[in-house]
Amino acid sequence: MSAVHARTVTGFAMRFGEAPAGVWSAPGRVNLIGEHTDYNEGFVFPLAIDRRTVVALSPRDDRLISVASSFSDDIIGLRLDDLQPENLRGWSAYPLGVAWALSQFGADLSRAGGFDVYIDSEVPIGAGLSSSAAIESAIALALNHVWNLGLDRPTLARVGQLAENRAVGAPTGIMDQSASLLGRADCGVFLDCRSLHSEVIPLGFDAAELNLLVIDTKVVHAHSSGGYAARRASCEAGAALMGVDSLRDLDLHDLGRAAETLDDETFRRVRHIVTENQRVLDTVQALRSHGPGAIGALLDASHLSMRDDFEISVPELDLAVTTARAAGAIGARMTGGGFGGAAIALTPRAVLPAVKAAVLAAFDDRGLRTPDLFVVRAADGAGRE
Ligand code: ADP
Ligand code: MG
């Protein structure tokens, strides 16, 4: 039993006075490649990581829900009859939003029983590792079990997304929940965000003695949500001007016409999405035919595209990437929505200490806040403990 599992069982017993009926967990994720492609109906390639959110849950005989978390001293209580997105606030909107979202996928809340749940986590919050998808996926799996819903994992991913969109109010795609629910040890989840078809692809990092180093710059830019909305708008405008439903419908051969049709900025936004989709496909292909040693250049190219064409990087992310590469990483890129957050560097185990030291020194030299450095391993997705 992991430490966080043990803490969760103890936490449940302290709040609710008995042992939980069951314990479920779900991991955070890192996106290996495929950035801002999800809302353009393109390709993404994230992996579930070895940091998990654990939920201990017991069904109740009445129609009350009680939610508690290590994250907060409050116990949030609600009647099932009041379970509507507009009634949900704060952190409890994530777990309760999932309970509501299940009703949109067949759960009959007028007949369901209530539940007690306690949540603990080793996924850092707001560090770009999707603690939100981890909590949603763990709760979705637990309620799928105790409410006997029989929903498959791709559907539970849509449940988590709906909860985040409607109950939390964050306009996010389905990548994070898919990684958290579908991930496998030492594998990535290749996801087509149009068809929602997914495939688990072996990464082979362990055998190749490669570590995936996360460099969390801890930079949060005030304009990140505005920047995100602006990029979405540029992509929509670019698609409309090119006469397609979404940028997914364009490929490298369309870039010549795009250059003639679009203004320079919109063209560069479009070029990022089109080339990034191709890089995701190329990454999967390279892993299959040559193994992980062959994907470094694709990670590098992805970063340059985000820095120069999509313009979502920041100096701290560029510094993390160039320093890690110079110190021996075989490929590196910012990951996540941009305007701050984390970078990843695919690093041979032998040079990991040198890469970490170089990054810390580079940030220190420039008087920047010390970044958080940690290795993540591709892990199994959500499950019952
Ligand atoms: P992230 O990048 O970590 O997903 P988000 O802002 O999307 O950041 O989600 C973080 C929010 O999710 C937290 O502020 C909190 O409301 C909720 N959350 C995540 N993990 C937990 C937890 N273990 N217990 C309670 N709430 C959590
Ligand atoms: Mg999130």
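Residues numbered from 1 in each chain as written. Chains lettered and ligands numbered in written order. Predicted model: local features only at pLDDT ≥ 70, side-chain atom pairs only at ≥ 80, totals over all residues. Heavy atoms only, no water.

(A) Broad picture of the nonpolar core. One finds Leu 83, Leu 102 and Trp 147 to be the most contacted residues of the largest nonpolar core, which totals 47 residues. Residues contacting Leu 83, with those up to four places away along its chain left out, are Ile 65, Leu 78, Leu 88, Leu 96, Ala 99, Trp 100 and Leu 109. (Core = buried A, V, L, I, M, F, W, Y, C linked by side-chain atoms within 4.5 Å. Buried < 20%, exposed > 50% of the residue type's maximum accessible area, 1.4 Å probe, protein only. Contact = heavy atoms within 4.5 Å.)

(B) Structural view of the pattern of salt bridges. Going through the model one piece at a time under the given rule, you end up with 24 salt bridges. Note that Arg 29 and Asp 176 form a salt bridge whose closest N and O atoms lie 2.7 Å from each other. Note that Arg 29 is positioned in strand E1 (residues 22-33) and Asp 176 in helix H5 (residues 175-182), a separation of 147 residues in sequence. A relative accessible area of 16% places Asp 176 in the buried class. For Arg 79, the salt bridge identified is with Asp 82, shortest N-O distance 3.9 Å. (Salt bridge = Lys/Arg side-chain N within 4 Å of Asp/Glu carboxyl O. Helix = DSSP H or I, 4+ residues; strand = E, 2+ residues; numbered from the N terminus.)

(C) Region of the structure containing the domain arrangement of the protein chain. Taken domain by domain, the protein chain consists of domain 1 (3-201) and domain 2 (203-376). Between domain 1 and domain 2, the C-alpha centre-to-centre distance is 27 Å. Contacts between the two partners involve 30 residues from domain 1, matched on the other side by 42 residues from domain 2. Where domain 1 abuts domain 2, roughly 3,100 Å² becomes buried across the two surfaces, and 63% of that area is made up of carbon and sulfur atoms. Our count for the domain 1 to domain 2 interface comes out at four salt bridges. When residues of the side of domain 1 that touches domain 2 are traced back to their parent elements, those giving at least two are E1, strand E2 (43-59), strand E6 (187-192) and strand E7 (198-202). Top contributing element to the side of domain 1 that touches domain 2 by residue count: E2, with seven residues. The residue makeup of the side of domain 1 that touches domain 2, split by class, is 15 nonpolar, seven polar and eight charged. (Domains from an automatic or database assignment. Buried area = accessible area lost by both parts, 1.4 Å probe. Nonpolar A, V, L, I, M, F, W, Y, C, P; charged D, E, K, R; others polar.)

(D) Highlighting H5. The buried fraction of H5 is high, at eight of eight residues. For H5, the set of buried residues is Met 175, Asp 176, Gln 177, Ser 178, Ala 179, Ser 180, Leu 181 and Leu 182.

(E) Molecular detail of the sheet that holds strand E8 (residues 210-220). Strand order in the open sheet formed by four strands is E9-E10-E8-E11, with antiparallel pairing between adjacent strands. Strands at the two margins of the open sheet, each flanked by one partner only, are strand E9 (331-335) and strand E11 (372-376). Between one strand axis and the next, the sheet turns through 25° on average, direction left out of account. Bridging between E8 and strand E10 (residues 340-348) involves eight bridges; their strand directions are antiparallel. (Pairing = 2+ DSSP bridges. Axes fitted to C-alpha atoms, helices over the stretch in contact; angles between N-to-C directions.)

(F) Local environment of empty space enclosed by the protein. Scanning the entire structure with this criterion turns up two cavities of 30 Å³ or more. In this model, the largest cavity occupies a volume close to 90 Å³. Lining the largest cavity, in full, are Leu 47, Asp 186, Phe 205, Asp 206, Leu 210, Asn 211, Leu 212, Val 376, Arg 377 and Ala 378. If you add up the space inside the second largest cavity, you get close to 40 Å³. Around the second largest cavity, the lining residues are Arg 29, Val 30, Asn 31, Gly 128, Leu 129, Val 214, Thr 335, Gly 336 and Ala 342. Here the element with the most residues in the lining of the second largest cavity is E1; it accounts for three residues. Partitioning the lining of the second largest cavity into residue classes produces four nonpolar, four polar and one charged. Counting contributing residues, the lining of the second largest cavity receives three or more from each of domain 1 (3-201) and domain 2 (203-376). (1 Å grid on protein atoms, 1.4 Å probe; cavity = no way out; pocket = protein on both sides within 12 Å on 5 of 7 lines; lining within 4 Å. Points joined across faces, edges and corners; volume = space filled by probe spheres on them.)

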